Amino acid sequence: MPSFTLIWLLAGAVLCLMELFLPSAFVAFMMGISAFVVALLSGVGLESVWLQVVVWLLLSTLLIVLSRRFLQPRRRKSKIQDAVIAETLTEILPGKTGRVRYEGNSWQARCDDDKFTVPPNQRVYVVRREGTTLIVIPENLLNS
């Protein structure tokens, strides 16, 4: 049975070089590293081609998942953390949007609870942002 060590070494080199010229967010690089590991295993006695391919696939998947987890910054859903108080500019009807003044700007807003009407000129708490719409809770709802 022929040794596939050289083939795995070439595949690893091609995949790693491919990452240099066609960036793929470390996917090709991790697959190349996995090919080098399989070449090492092939050289020390792992002779089954099917087992080599399975090891390469599993190791590639594991390295790609780990690289995503540790190398990419975590994204936040919204950056609303400091100022959480806003004031309604228009009435917010149940299930509809209105306008609030938040951080000096007018924003589209919707009440978090679809059963409440929020009158104008009332203080509300901003709980999250969905696109360009702020999701708010009336201050009196939290104090009651």
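Cut-off values and rules
Residues numbered from 1 in each chain as written. Predicted model: local features only at pLDDT ≥ 70, side-chain atom pairs only at ≥ 80, totals over all residues. Heavy atoms only, no water. Core = buried A, V, L, I, M, F, W, Y, C linked by side-chain atoms within 4.5 Å. Buried < 20%, exposed > 50% of the residue type's maximum accessible area, 1.4 Å probe, protein only. Helix = DSSP H or I, 4+ residues; strand = E, 2+ residues; numbered from the N terminus. Contact = heavy atoms within 4.5 Å. Expected span 1.5 Å × (residues − 1). Arc of directions from axis to C-beta. Pairing = 2+ DSSP bridges.

### Examining the nonpolar core
- Core analysis: the largest hydrophobic core is formed by eleven residues, namely A86, I92, V100, Y102, A109, C111, V118, V124, V126, L134 and V136.
- Where this core is concerned, the elements lending two or more residues are β2 (97-102), β3 (105-111), β4 (123-130) and β5 (133-138).
- Apart from residues lying up to four places away in sequence, A109 is in contact with I92, K96, T97, G98, V100, T133, L134 and V136.
- By size, the runner-up hydrophobic cluster in this structure holds six residues, among which are L15, A35, V38 and A39.

### Details of helix α1 (residues 5-21)
- If you check α1, its first and last C-alpha atoms are 25 Å apart, about what 17 residues at 1.5 Å a residue would give, namely 24 Å.
- Residues T5, W8, G12, L15, C16 and E19 constitute the buried set of α1. The arc that holds the buried residues of α1, viewed along the axis, is 95 degrees, so those residues lie on one side. The outward face of α1, more than 90 degrees from its buried face, is lined by the exposed residues L6, L10, V14, L20 and F21.
- The inward-facing, buried residues of α1 contact α2 (27-43) and α3 (49-71).

### Description of the pairing of β2
- Where burial is concerned, the two faces of β2 differ: the one with G98, V100 and Y102 is buried and the one with T97, R99 and R101 is not.
- Where strand β1 (residues 85-88) meets β2, two bridges bridge the pair, whose relative direction is antiparallel. Bridge assignment links T88 to a residue of β2, and that residue is V100.
- Where β2 and β3 come together, six bridges link them in antiparallel fashion. Note on β3: the bridge partner recorded for R101 is S106.
- Taking the residues between adjacent antiparallel strands as the criterion, β2 and β3 are bridged by two residues, where E103 takes a positive phi near 55 degrees.

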